[in-house]
Amino acid sequence: VGVNFYNVSMQSNGGNIFNGIDYTGANSANSTYVNNCHIQGYTNFGINVSSAGASLVINSTVIQGQWGTASQVAAAGLNVVQAGAIQINSCNFIGSINNLLLAPTTGLVIASVYATNTYFDNSYGSCIKITGAGATVRCKFIGCSMTTSGANPAFSAVEISTSVAAGAQGIEFERCSVLNTFGTTGTTNGFIITGAADVTISGCLIAAWTNGINVTPLTPAGTTMIRILHNSIGAVGGYGVNTVGILLNAGSVTYGLVEIVGNYIKNTTNI
């Protein structure tokens, strides 16, 4: 409890750091700061959190995995299995398979993650991935930027792929820049949502993907609610159009709600 890191640099020697910082145990990372730090070269997680009482604040910190071929890349910059409330402010998360991985297992909860003014860059999978059989709720990303690596044609900026109806609820992206790497080809997604109860995407810039927003509803019927509000989905920020702006898949069940309001949408196929 209250174990803080200020102005600390952690640098691997030949990739021998497994995790940079581990917060595990019932109240680990409660009332805790990681401030103005640099964690680099880890082989697994830069910061690992598995604590029901975690109230961790990460400020002005660079978390950078190993760069190079896929076999060299770290698993996640920040990995969360369970937590109370995590704040991420003005950070750079760079060069992991998933720069932010929220993956609660069965029976566990990630109660809240708020990220502001943070750059999720050069991922070798999805910049932000929300998955697992537990619950991830009340998460908000404001003024963040997500750009994948150009090394592979199948990456996505945001992936939500939980396996249960309560897996992802109250997930919001507001005024984010979701722009693909220049020159990337193949099947890519700005947002790929295959397992979420409710997601709101508002005021974002989404450009140069195969699918800007790609949604498949979650079982049971009526569970998935998607709100797409006041975004620019097309050629913005010097990036080209998406092949499809918004792709709504039928799946085997129906949506609870689809709300598309006030967007600029100009792509090869808009909706």
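Residues numbered from 1 in each chain as written. Predicted model: local features only at pLDDT ≥ 70, side-chain atom pairs only at ≥ 80, totals over all residues. Heavy atoms only, no water.

Asks: What exactly am I supposed to notice about the side chain of Asn180 here?
Replies: Mapped onto the elements, Asn180 comes out in the loop between β21 (177-179) and β22 (189-195). Side-chain polar atoms of Asn180 contact the backbone oxygen of Ala208, separated by 3.0 Å. (Helix = DSSP H or I, 4+ residues; strand = E, 2+ residues; numbered from the N terminus. Polar contact = N/O pair within 3.5 Å; in protein donor to acceptor, adjacent residues only side chain to side chain.)

Asks: Looking at this structure, I do not really get a nonpolar patch on the surface. What am I missing?
Replies: On the surface, Leu248, Val258, Ile260 and Ile271 cluster together to form a nonpolar patch covering roughly 300 Å² of accessible area. Along the chain, Ile260 turns up in strand β29 (residues 257-261). (Patch = residues over 30% accessible without salt bridge, like charges linked within 9 Å, V, L, I, M, F, W, Y side chains within 5 Å. Areas by Shrake-Rupley, 256 points an atom, 1.4 Å probe, with all protein chains shown as cover. Salt bridge = Lys/Arg side-chain N within 4 Å of Asp/Glu carboxyl O.)

Asks: Is there a simple way to explain the packing of aromatic side chains in this structure?
Replies: The description of an aromatic ring pair rests on the distance of the ring centres and on the angle between the ring planes. Going through the model one piece at a time under the given rule, you end up with five aromatic pairs. Ring geometry for Phe141 and Phe173: centres 4.9 Å apart, planes at 10°, overall stacked. Taken together, the residues span a long stretch of sequence, with Phe141 in strand β17 (residues 135-142) and Phe173 in strand β20 (residues 168-174) at a distance of 32 residues. The residues Phe141 and Phe173 share a single accessibility class, namely buried. (Phe/Tyr/Trp six-rings, centres within 6.5 Å; stacked < 30°, edge-to-face > 60°. Buried < 20%, exposed > 50% of the residue type's maximum accessible area, 1.4 Å probe, protein only.)

Asks: Explain the pattern of salt bridges here, please?
Replies: Pairing between side chains of opposite charge can happen when their charged atoms approach one another. Applying the stated criterion across every chain yields a total of four salt bridges. Across the pair Arg175 and Glu174 runs a salt bridge, and its minimum N-O distance is 2.6 Å. Looking at Glu174, the relative accessible area reads 23%, which means it is partly exposed.

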